[in-house]
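Survey of secondary and tertiary structure
Listed here are the chains, written in short residue letters.
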Amino acid sequence: MAKLSTDELIDAFKDLTLIELSEFVKAFEETFEVTAAAPVAAAAPAGAGGAAEAEVEEEKDSFDVVLEAAGEKKIQVIKEVRTLTSLGLKEAKDLVDGAPKPVLEGVNKETAEKAKAALEGAGATITLK
């Protein structure tokens, strides 16, 4: 089996959907008995508080993920925006600089929640509409 370079692996991950990437992370954690949850741990308490809100909007099947503010770690937020979208560096930076702006529009609840957790983990303030 040919060994893939880091760049080749990153390119392969760019082609995955959020759900596929989440499934990969779970399989990776199980295979190597590690946890990749440290960056997300900061977002977990914020997400738990919003659980009551999410239950009220249960009947909605299409959500917009809106970046309200980039926070202190703007570069991390730009990286997450690029991961979640097909935007280039300049476009992602413009989106983050122009907050409040929608990052994803018309996505399902699961995708919206994962995107929110990832962006909040990077330090951004996010709302789901």
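Summarised in this report is the structure supplied together with it. (Residues numbered from 1 in each chain as written. Predicted model: local features only at pLDDT ≥ 70, side-chain atom pairs only at ≥ 80, totals over all residues. Heavy atoms only, no water.)

Time to look at the overall build of the chain. For the chain, the count of helices and strands is eight helices and three strands. Counting helices and strands in the order they occur from the N terminus, the chain gives α-α-α-α-α-β-α-α-β-α-β. Out of the 129 residues in the chain, the part that is buried amounts to 23%. Look at the contacts in the chain between residues 6 or more apart in sequence, and 68% of them connect residues 24 or more apart. Taken as a whole, the chain presents about 8,700 Å² of accessible surface, with 57% of it coming from carbon and sulfur. (Helix = DSSP H or I, 4+ residues; strand = E, 2+ residues; numbered from the N terminus. Buried < 20%, exposed > 50% of the residue type's maximum accessible area, 1.4 Å probe, protein only. Contact = heavy atoms within 4.5 Å. Areas by Shrake-Rupley, 256 points an atom, 1.4 Å probe, with all protein chains shown as cover.)

This next bit is on the sheet that holds strand E2 (residues 101–107). Read from one edge to the other, the open sheet built from three strands follows the order E2-E1-E3, with strand pairing classed as antiparallel. Among the strands making up the open sheet, the edge pair consists of E2 and strand E3 (125–128). Sheet twist, expressed as the mean angle between neighbouring strand axes with direction ignored, is 20°. Bridging between strand E1 (residues 63–69) and E3 involves four bridges; their strand directions are antiparallel. Paired with Leu67 across the bridge in E3 is Ile126. (Pairing = 2+ DSSP bridges. Axes fitted to C-alpha atoms, helices over the stretch in contact; angles between N-to-C directions.)

As a further point, take the environment of Gly88. In this structure, Gly88 sits in the loop between helix H6 (74–84) and helix H7 (89–97). C-alpha separation for the pair Gly88 and Ile78, spaced ten residues apart in sequence, amounts to 9.9 Å.

Let us now look at the pattern of salt bridges. One pass over the structure, following the stated rule, counts four salt bridges. Residues Lys90 and Asp94 are paired through a salt bridge, measuring 3.0 Å at the closest nitrogen-oxygen approach. Placement of the pair is Lys90 and Asp94 together in helix H7, with a separation of four residues, close to one helical turn. For Lys90, a relative accessible area of 57% translates into the label exposed. Residue Asp94 is classed as partly exposed on the basis of its relative accessible area of 38%. As a salt-bridge pair, Glu110 and Lys114 come within 3.3 Å of each other at their nearest N and O atoms. Taken together, the positions of Glu110 and Lys114, both in helix H8 (residues 109–121) and four residues apart, correspond to about one turn of that helix. (Salt bridge = Lys/Arg side-chain N within 4 Å of Asp/Glu carboxyl O.)

Running from N to C, helix H2 (residues 18–32) and H8 cross one another at 65°; their axes reach a closest spacing of 10 Å. Here the hand of the crossing between H2 and H8 comes out left-handed. Listed contacts from H8 to Leu18, Ile19 and Ser22 of H2 are Glu110, Thr111, Lys114 and Ala115. (Left-handed = near helix turned anticlockwise from the far one by under 90°.)

In this section: the packing of H6 against H8. Two quantities define a packed helix pair, namely the angle between the helix axes and the distance between the axes. As a packed pair, H6 and H8 sit with axes 8 Å apart at the nearest point and diverge in direction by 160°. On the basis of the axis angle, H6 is roughly antiparallel to H8. Between H6 and H8 lies a crossing of right-handed hand. Judged by residue contacts, Val77, Glu80, Val81 and Leu84 of H6 engage Ala115, Ala118 and Leu119 from H8. (Parallel < 35°, antiparallel > 145°, perpendicular 65-115°, else oblique.)

Treat this as a map of the structure, not an account of what it does.
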